[in-house]
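For reference, the chains in residue letters:
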Amino acid sequence: MSRFVRTSKFRHVFGTAAKYEHCFDNVKVSASAWDTNLVKVNPLFVSINWNAGGGGAFAVIPHKNVGKINDGIPLYRAHTAPVLDTDFANFNDYVIASCGEDSKVMIWTVPEELGEPESPDIEPVAKLHGHGRKVGHVLFHPVADNVLVSSSADLTIKLWDIEKGAEKQELSGFLDFVQSMSWNWNGSLLATTCRDKKLRIFDVRSNKVVQEASSHQGVKGSRVAWLGNTERIVTTGFSKMSDRQVYIWDSAKLEKPIKTMMLDTSSGIVMPFYDEDTKILYLAGKSDGNIRYYEFENDELFFLSEYKSSEPQRGMAFMPKRGINVNECEIAKAYKVTSNCIEPISFVVPRRSDAFQADLFPPTLSGEPALTADEFFEGKNANPKTINLDNEIVIKERKEFVSTAPKEEEKEEKVPKTEKEYQEAYHHLRQENDDLRNQLAQRDVTIRALTVQLENLKSS
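Residues numbered from 1 in each chain as written. Predicted model: local features only at pLDDT ≥ 70, side-chain atom pairs only at ≥ 80, totals over all residues. Heavy atoms only, no water.

The name an unreviewed UniProt entry assigns to the protein chain is Coronin, from the organism Glomus cerebriforme. Per UniProt, the comment on the protein chain under Subunit (unreviewed entry) is "Binds to F-actin." Per UniProt, the comment on the protein chain under Sequence similarities (unreviewed entry) is "Belongs to the WD repeat coronin family." (UniProt positions renumbered as here; feature names shortened; annotations may be inferred.)

See the structure below:
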């Protein structure tokens, strides 16, 4: 038996939960059954899907406001149905996107002063229309400014220029709704997992599926994450026997995974998070309190350790590197959502020296765009800009975001008064009803045609 121990500077990484006074308590977490991480975080704020009556809402909480959250916290309420996902802009810490069951995507700016309890709710600066059914995920581009992608139960993914409020591209070809999305390093490709059990890689600007493969065959949800500045992708999912699985793929050749690993037989979906700087993959299971972490090297996953907790997690997000504490050798910081609390968890490499540990903190993402939205949609590519963490990180000043999207006019409902107006209103509504019926009929025809094609392919 070999006694060889693999050397790694991350062998002794350990996770520590924050004390109660440094957690966010009394959080009204959304009760929606949609598979989402529920929480997003940047160096200034934490966003959480909120359980609110009379429509959908989410909250944005500054990091300094730890402790018990007031019941009257100002909420972001413009959605008319539950909010399903949010995402902070990568290049403006005060901009956040949201989506919900009302089929809308909305863009918001976070005010510098969030106001006192019972203050008026915040209004969006732009509403993006185009999806026909609920929108489950939103994700900002890693390189280009003001570029957002959204996925919907209408079986499409849309790319938006949020500054102009314009839809720039639609990705199609899904046979069921998308379960997760992940950009590659320069944002030229998008990996997706779908309820039809397919892993797809899109060239987003041409709406071409450049690679496609059958992935996890279990009926439960699957997730995908691009492994940083490599051609490798990780997916998590379930086998037909409900075993939790991890697959590593070569994005240039998706015939079969280059590595497979069975985790356990728990029922919760596994959320993958990859840190390009340390090459560590964190795997957090929903409905359990554990976070396993592995070092990725030469297409292999080497187990490092496991953070264990008796409190199950409903969702999780990781802080961007420019928001962590390098003086404490903190290499990662997770934000764990429980039933009514958001709990920070710090992952630390134990070292005695007070000097900056350059081997732990290579140049990391700077939070500055390398491309404009126009340059990206014209076909340009660029790698993300980086900064050195040994220099003091200054929190960026508020950058004003102005959307030129057409404003929605609040139309006052006109009540017919004369016989002629009644007739006009009746014919208008009937025409609108007929148009909707025709659209549904056309969709039914398309669905039947696709079903016949699938049956023919199966029989052949």
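> Account for the domain arrangement of the protein chain, with residues named and values stated.
Domain annotation for the protein chain reports domain 1 (14–387) and domain 2 (415–451). On a C-alpha basis, the centroid separation for the pair domain 1 and domain 2 is 39 Å. (Domains from an automatic or database assignment.)

> Outline the sheet that holds strand 3 (residues 39–41), listing residues and values.
Ordered by their spatial adjacency, three strands build an open sheet running 3-4-5, and the pairing between neighbours is antiparallel. Two strands close off the open sheet at either side, each with one partner strand: strand 3 and strand 5 (57–62). Pairwise comparison of adjacent strand axes, ignoring direction, gives a mean angle of 20 degrees for this sheet. Where strand 3 and strand 4 (residues 45–50) come together, three bridges link them in antiparallel fashion. In the strand pairing of strand 4, Val-41 is matched with Val-46. (Pairing = 2+ DSSP bridges. Helix = DSSP H or I, 4+ residues; strand = E, 2+ residues; numbered from the N terminus. Axes fitted to C-alpha atoms, helices over the stretch in contact; angles between N-to-C directions.)

> Explain the packing of aromatic side chains residue by residue, including any values.
Here the structure, examined in full by the defined rule, presents 18 aromatic pairs. Within the aromatic cluster, the residues linked to one another by ring pairs are Phe-273, Tyr-282, Tyr-293, Tyr-307, Phe-318 and Phe-347. In this arrangement the basic side chain of Lys-168 is found over the ring face of Phe-377, its NZ or CZ atom lying 5.6 Å from the centre. Here the basic side chain of Lys-220 rests over the ring of Phe-238, its NZ or CZ set 5.2 Å away from the ring centre. (Phe/Tyr/Trp six-rings, centres within 6.5 Å; stacked < 30°, edge-to-face > 60°. Lys NZ or Arg CZ within 6 Å of the ring centre and 35° of its normal.)

> I'd like a rundown of the sheet that holds strand 9 (residues 105–109), residues and numbers included.
Read across the sheet, four strands follow the order 7-8-9-10 without closing on themselves; strand pairing throughout is antiparallel. A single partner strand is all that each edge strand has here, and the edge strands are strand 7 (83–88) and strand 10 (126–128). Sheet twist, expressed as the average angle between the axes of neighbouring strands with direction ignored, equals 20 degrees. Sheet topology note: the strand 7/strand 8 (residues 95–100) ladder contains five bridges and is antiparallel. Within strand 8, the residue paired with Phe-88 across the bridge is Ile-96.

> Lay out the state of the cysteines in plain terms, naming residues and giving numbers.
Tallied over the full model, the rule gives zero disulfides. Cysteine Cys-341 is unpaired, with the sulfur of Cys-23 as its nearest cysteine sulfur at 4.6 Å. (Disulfide = S-S within 2.5 Å.)

> Residues and numbers for the nonpolar core, please.
Within the largest apolar cluster, 47 residues are counted, with the highest numbers of intra-cluster contacts made by Ile-48, Trp-50, Tyr-282, Ile-331 and Phe-347. Ranked by the residues each element gives to this core, the list is headed by strand 28 (residues 330–337), at five residues. Judged by nonpolar contacts, the second largest core, of 19 residues, contains Leu-171, Leu-190, Val-204 and Leu-371. (Core = buried A, V, L, I, M, F, W, Y, C linked by side-chain atoms within 4.5 Å. Buried < 20%, exposed > 50% of the residue type's maximum accessible area, 1.4 Å probe, protein only.)

> Any chance you could break down the pairing of strand 25 (residues 291–297) for me, citing the residues and the numbers?
Among the seven residues in strand 25, six count as buried, and that is most of the element. When strand 24 (residues 280–285) meets strand 25, the two strands line up antiparallel, connected through five bridges. In the strand pairing of strand 25, Leu-281 is matched with Tyr-294. Here strand 24 hands over to strand 25 after five residues, with Ser-287 in that stretch at a positive phi of 70 degrees. Relative to strand 26 (residues 300–307), strand 25 is paired through seven bridges, and the arrangement is antiparallel. Bridging across to strand 26, Arg-292 finds its partner in Glu-306. What sits between the antiparallel neighbours strand 25 and strand 26 is a turn of two residues, in which Asn-298 has the positive phi angle 50 degrees.

> Help me get a handle on the side chain of Thr-364, residues and values and all.
Looking at the secondary structure, you find Thr-364 in strand 30 (residues 364–365). The class of Thr-364 is buried, set by a relative accessible area of 3%.

> Explain the pattern of salt bridges to me, using residue names and the numbers behind them.
A side chain of one charge can pair with a side chain of the opposite charge when the charged atoms of the two come close. Inspection of every chain in the model, using the stated rule, returns 22 salt bridges. A salt bridge links Asp-93 to Arg-322, with the shortest nitrogen-to-oxygen separation between them at 2.9 Å. One end of the pair, Asp-93, is in the loop between strand 7 and strand 8; the other, Arg-322, is in the loop between strand 27 (315–318) and strand 28, with 229 residues separating them in the sequence. By relative accessible area, which is 13% here, Arg-322 ends up buried. (Salt bridge = Lys/Arg side-chain N within 4 Å of Asp/Glu carboxyl O.)

> Tell me what's going on with the environment of Glu-300, and back it up with residues and numbers.
Position of Glu-300 among the secondary structure elements: in strand 26. For the pair Glu-300 and Ile-248, spaced 52 residues apart in sequence, the C-alpha to C-alpha distance is 8.6 Å. For Glu-300, the residues in contact, after removing those within four places along its chain, are Lys-259 and Glu-295. (Contact = heavy atoms within 4.5 Å.)

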